[in-house]
There are 2 protein chains.
Amino acid sequence: MVGSTSNGESKQTLLKMIVHLPGYPKNEQVLMKKKGEITIYDIASHLKVSPSTVSRALKDHPSIGKKTKKAIQNYAAKYGYQPNTIAASLRNNKTNTIGIIISWINRPFIASLISGIEQAANDAGYNVIITQSQDSYEKEVANAQALFAGRVEGVVISLAMETEKFDHFEQFINKDIPLVFVDRVTDQLNSDLVAIDNFDAGFKATEHLITQGCKRIAHLGGSQIRNVYSERQKGYIAALSKHNLPLDESLILHSSLSAEDGHHCAEQLFGLNERPDGVFSANDTAAVSLIQSAKSKGIKIPEELAVIGFNNDPISSIIEPQLSTIYHPATDMGVIAATQVLKHRKNKEIVKSESIVLNTELMVRASSDRSIHKQLVG
Amino acid sequence: MVGSTSNGESKQTLLKMIVHLPGYPKNEQVLMKKKGEITIYDIASHLKVSPSTVSRALKDHPSIGKKTKKAIQNYAAKYGYQPNTIAASLRNNKTNTIGIIISWINRPFIASLISGIEQAANDAGYNVIITQSQDSYEKEVANAQALFAGRVEGVVISLAMETEKFDHFEQFINKDIPLVFVDRVTDQLNSDLVAIDNFDAGFKATEHLITQGCKRIAHLGGSQIRNVYSERQKGYIAALSKHNLPLDESLILHSSLSAEDGHHCAEQLFGLNERPDGVFSANDTAAVSLIQSAKSKGIKIPEELAVIGFNNDPISSIIEPQLSTIYHPATDMGVIAATQVLKHRKNKEIVKSESIVLNTELMVRASSDRSIHKQLVG
DNA sequence: TTGTACGCGTTATCAA
DNA sequence: TTGATAACGCGTACAA
């Protein structure tokens, strides 16, 4: 197959050698000495004040005298006092942490999503704990439990491919822990959603192909359990319908949209008596594989087959011809999702959940742009 | 002085006695207040045993009677008891969390690295907190502080591009918190390293180009501050030297190796009087851009210009011709790094730090494979 | 403006 | 085999 040159996962033993560094004798002596974990009690006793005064001084409480405050702050700085956030968490019942459940970190869209969440959270003084469901329902449940036990103050979720039950999220709702679903969402729970209009995007993509003159448009779709795929497909169907094109079930192929799936789908489609003249793939990975397969068969793109993908992954602008796609604001979605969580934490009374829908953008590139061709031909 | 933490004498005693003597008034009140936050105290009083018994039963301590244990575990399960990990952390001085400092999550290599860390950590019951330095020294310092304050039990670091001072890591070393540097490492600190042999990889890559007949090989390098780039470059130089090829400084270009940088470098190289006939780029991003630029100028690859990159990013097998590259076991490095952290946590006495060097793999693809061409020509 | 006293939930230590 | 007790470090009513 194409691209098989890149064997991904390493089955070979990669361990080459273990070198023990010369290692200057580490300060074992120093080890004996108890490590200086300075607490407010230490500061208090050394400065002959009470722990509460220290506590207040360190957070600039107005009711502490200027001199006392300065003295305490100076002492703290000098001796490198580090507030124990664990103790504070226990006391305040506040962890300053939000959890994330996603399928796989190492996918371009998800990585950007997380990057956005992390930035927004950090700016607000929050930490972020990331868990991967690996698209498994069981792992998703386990991750939810772990985050719940860790007392995260909110969770951002992009659902695993398999997930059809949502009981594992009820515990958060019962405790008023904000839940924000991103991209792969569900309407089964009354939670915040941050997503794009997948129907519209699927419609736009398909209609674009129709505009380019396609009459037989295939669709590479994902699991219809997940909104992102079912809605994209509905948009595709609606576009066909609007333009009075027949809906041919044999042109709709469902898979997990991996690179291999893309190749398989290509084979299947190219083996049909009546080949499609256009393909709307629900992600870029499968679309790119399909283009590669098409090229290896000598099928001209976009003249014989116009292709559009979804996500605007880096590979989409590397493949030749460059892949038309739907731009999908991953980082923004992350920022907004984190913001929603924090907003709910701030005004706890406002329980109303929102659905935020972001715009997508149709990016027309060579894989579906027949305008030049048209000019040449007629 | 430190261990003394002379905090208030047993102030709880009174209350506890009041609680235990008259029965269990306290717990009922707590239950009224909070939404089903069951604690071991609740279980204890309802089951007429002591909190310590509950605590031990819940963690399968051998010294608890079978019946008691069962009863407690059943009750806990029935009422959905959730251990408060914060309290446990405070008590045990153990957070079960490891921190990560990397440049950017949304880069293929880093995302896979994190994926590996996360999996290994989770399997050991650890959580993972991720921070992005965005290649800024200041942010890296801030992230280190945040992780330190959060009492992480270990840190996995891939250094920011800018970082030249390492004081912000001393605090971890002083407290014997394991530090594991990955990929972008430093030998300034006596910490664990997990890396590849960048010199060897650079050497292999360059020698491969020489084998393909290249005589004037350029190098797109990154900041020489970072080992990964300086060593790749040294490997490049060593390979030229071994094969008696002259070292031409004008063929070595340093940049941040972004896509734009790749295009700029291409322009610069193609503008030379004597063009290079081969390029070794220290990452795939720049290499791919360079190939695109070359193609737009009609320069034939690999015949006129053989190219090899580094990392085996997805784009490397999409570009045409497919990009030769150095495979770099990202996920494995993550798994190993996390494992090292956990190993140090387990046997604290073993302070010796290790350097683990993983194998890379030369992946020859069309962008540098002149064998077909050679056959045709000669 | 400062100090006292207590509890957040868990667990290690000792005692029974 | 079980229980009582004292911390872990912080924050905050309440009191002074």
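Residues numbered from 1 in each chain as written. Chains lettered and ligands numbered in written order. Predicted model: local features only at pLDDT ≥ 70, side-chain atom pairs only at ≥ 80, totals over all residues. Heavy atoms only, no water.

*Asks:* Just checking my understanding: could you explain the sheet that holds strand 10 (residues 306–308) of chain A for this structure?
*Replies:* The pairing of strands in a sheet comes from backbone hydrogen bonds and takes either a parallel or an antiparallel form. Residue and element names in this part refer to chain A. Pairing is parallel in the open sheet, where 4 strands are placed in the order 8-7-9-10. The sheet is open, and its two borders are formed by strand 8 (252–254) and strand 10, each paired with just one other strand. Across the sheet, the axes of successive neighbouring strands diverge by a mean angle of 15°, strand direction being ignored. Inspection of the sheet shows strand 9 (residues 278–281) paired to strand 10 by 3 bridges, in the parallel sense. (Pairing = 2+ DSSP bridges. Helix = DSSP H or I, 4+ residues; strand = E, 2+ residues; numbered from the N terminus. Axes fitted to C-alpha atoms, helices over the stretch in contact; angles between N-to-C directions.)

*Asks:* I tried to follow the environment of Ile210(B) on my own but got confused; where do I start?
*Replies:* Looking at the secondary structure, you find Ile210(B) in helix 10 (residues 198–211). Leaving out residues up to four positions away in the same chain, Ile210(B) has contacts with Ile217(B), Ala239(B), Leu240(B), His243(B) and Leu245(B). (Contact = heavy atoms within 4.5 Å.)

*Asks:* Explanation requested: helix 2 (residues 40–47) of chain A in the structure shown.
*Replies:* Residues spaced three or four apart along an α-helix point in a common direction, a consequence of the helix completing one turn every 3.6 residues. All names here are of chain A. Turning to helix 2, its buried residues are Asp42, Ile43 and Ala44. Among the structural elements, helix 3 (51–58) and helix 4 (66–78) are those in contact with the buried residues of helix 2. The N-terminus of helix 2 is capped by Thr39, whose side-chain oxygen sits 3.0 Å from the backbone nitrogen of Tyr41. At the C-terminal side of helix 2, Lys48 shows a positive phi close to 55°. (Buried < 20%, exposed > 50% of the residue type's maximum accessible area, 1.4 Å probe, protein only. Polar contact = N/O pair within 3.5 Å; in protein donor to acceptor, adjacent residues only side chain to side chain.)

*Asks:* For this particular structure, what's the right way to read the sheet that holds strand 7 (residues 252–254) of chain B?
*Replies:* All names here are of chain B. The parallel open sheet is built from 4 strands, whose spatial order is 7-6-8-9. Edge positions in the sheet fall to strand 7 and strand 9 (306–308), since each has one partner strand and no second. For this sheet, the mean inter-axis angle between neighbouring strands, taken without regard to orientation, is 15°. In the packing of helix 11 (residues 227–242) onto the sheet, the strands contacted are strand 6 (217–221), strand 7 and strand 8 (278–281), and the crossing angle to strand 6 comes to about 170°.

*Asks:* When you look at the pattern of salt bridges in this model, what are you seeing that I'm missing?
*Replies:* Where side chains of opposite charge bring their charged atoms close, a pairing between them can arise. All chains considered together, the criterion is met by 22 salt bridges over all chains. A salt bridge links Lys69(A) to Asp60(A); the nearest nitrogen and oxygen atoms lie 3.7 Å apart. Take Lys69(A): its relative accessible area is 14%, and that puts it in the buried class. Among the salt bridges present, the one from Arg345(B) reaches Glu153(B), with a minimum N-O distance of 3.3 Å. (Salt bridge = Lys/Arg side-chain N within 4 Å of Asp/Glu carboxyl O.)

*Asks:* Honestly, the protein's contact with DNA strand C in this entry has me stumped. Any pointers?
*Replies:* Close to DNA strand C lie 30 residues; Ser52(A), Gly65(A), Tyr41(B), Tyr81(B) and Arg91(B) are nearest. Here, DNA strand C places atoms within 4 Å of the protein, and 62% of those atoms are sugar or phosphate. Here a phosphate oxygen of DNA strand C sits 2.9 Å away from a polar atom, N or O, in the main chain of Ile40(B). When contributions to the surface near DNA strand C are tallied by element, the ones reaching two or more residues are helix 3 and helix 5 (85–92) of chain A together with helix 3 (40–47), helix 4 (51–58) and helix 6 (85–92) of chain B. With 4 residues, helix 6 of chain B is the single largest residue contributor to the surface near DNA strand C. Across the surface near DNA strand C, the residue classes tally to 10 nonpolar, 11 polar and 9 charged. (Near = heavy atom within 4 Å. Nonpolar A, V, L, I, M, F, W, Y, C, P; charged D, E, K, R; others polar.)

*Asks:* Which parts of the structure should I look at to understand the state of the cysteines?
*Replies:* In protein structure, a disulfide is the covalent linkage between the sulfur atoms of two cysteines. Residues and elements named next belong to chain A. A complete count under the given rule lists 0 disulfides over all chains for this structure. Between Cys265, a free cysteine, and Cys214, which holds the nearest cysteine sulfur, the sulfur-to-sulfur gap is 18 Å. A residue is classified by how much of its surface remains accessible, and Cys265, at 6% relative accessible area, is buried. (Disulfide = S-S within 2.5 Å.)

*Asks:* Mind showing me how you'd approach the UniProt feature "domain: HTH lacI-type" (unreviewed entry) in chain A here?
*Replies:* The UniProt entry lists residues 38–92 of chain A under the feature "domain: HTH lacI-type" (unreviewed entry), expressed in the numbering used here. Helix makes up 67% of residues 38–92 of chain A and strand 0%. Its end C-alpha atoms lie 20 Å apart. (UniProt positions renumbered as here; feature names shortened; annotations may be inferred.)

*Asks:* Would you mind going over the pairing of strand 8 of chain B with me for this structure?
*Replies:* Successive residues of a regular strand alternate their side chains across the two faces of the sheet. Residues and elements named next belong to chain B. Judged by which residues are buried, strand 8 turns out to be covered on both faces: Gly278 and Phe280 on one side and Val279 and Ser281 on the other are all buried. Pairing geometry for strand 6 and strand 8, over 4 bridges, is parallel. The partner of Ile217 across the bridge, within strand 8, is Gly278. Of the crossover connections in this fold, the one passing from strand 8 over helix 13 (residues 284–296) to the parallel strand 9 is right-handed. (Right-handed = clockwise from strand over helix to strand, strands pointing away.)

*Asks:* What is the right way to look at unusual backbone geometry in this model?
*Replies:* Keep in mind that most residues, glycine aside, have a negative phi and that most peptide bonds are trans. In this structure, Pro321(A) follows Glu320(A) across a cis peptide bond, with omega equal to 0°. Within the element layout of this structure, Pro321(A) appears in the loop between strand 10 and strand 11 (325–327). Here Lys48(A), not a glycine, exhibits a phi torsion of approximately 55°, which is positive. Within the secondary structure, Lys48(A) is located in the loop between helix 2 and helix 3. Among the residues examined, Lys48(A) registers a relative accessible area of 74% and is labelled exposed. Despite not being glycine, Leu257(B) has its phi angle at roughly 60°, a positive value. For Leu257(B), the position within the fold is in the loop between strand 7 and helix 12 (259–270).

*Asks:* Any chance you could explain the confidence of the model for chain A here in plain terms?
*Replies:* Low pLDDT means the predicted coordinates in that region are not meant to be read closely. Scored by pLDDT, chain A comes out at a mean of 87, with 88% of its residues at no less than 70. This model gives residues 1–34 of chain A a pLDDT under 50, and the stretch forms 59 contacts once residues within four places in sequence are excluded. (pLDDT = per-residue confidence, 0-100.)

*Asks:* Sorry if this is basic, but what is going on with empty space enclosed by the protein here?
*Replies:* The gaps of empty space that remain are located by a probe, the size of a water molecule, rolled over the atoms. Tallying each qualifying case throughout the model produces 1 cavity of 30 Å³ or more. Contributing to the lining of the largest cavity are Asn84(A), Ile86(A), Ser89(B), Leu90(B), Asn93(B), Lys94(B), Thr95(B) and Arg151(B). Its residues assigned to classes, the lining of the largest cavity comprises 2 nonpolar, 4 polar and 2 charged. (1 Å grid on protein atoms, 1.4 Å probe; cavity = no way out; pocket = protein on both sides within 12 Å on 5 of 7 lines; lining within 4 Å. Points joined across faces, edges and corners; volume = space filled by probe spheres on them.)

*Asks:* So what exactly am I meant to see when it comes to the environment of Leu247(A) here?
*Replies:* Residues and elements named next belong to chain A. Along the polypeptide, Leu247 turns up in the loop between helix 10 (227–242) and strand 8. The sequence separation of Leu247 and Gly221 amounts to 26 residues, and the corresponding C-alpha distance is 15 Å. Residue contacts for Leu247: discarding those within four places in its chain leaves Tyr236, Ile237, Leu240 and Ile252.

*Asks:* I would appreciate a short explanation of helix 13 (residues 330–346) of chain A in the present structure.
*Replies:* Taking 1.5 Å per residue as the helical rise, helix 13 of chain A with its 17 residues ought to reach 24 Å, and the 25 Å between its terminal C-alpha atoms agrees with that figure. Every buried residue of helix 13 of chain A is accounted for by Ala330(A), Met333(A), Gly334(A), Ala337(A), Ala338(A), Gln340(A), Val341(A), Leu342(A), His344(A) and Arg345(A). (Expected span 1.5 Å × (residues − 1).)

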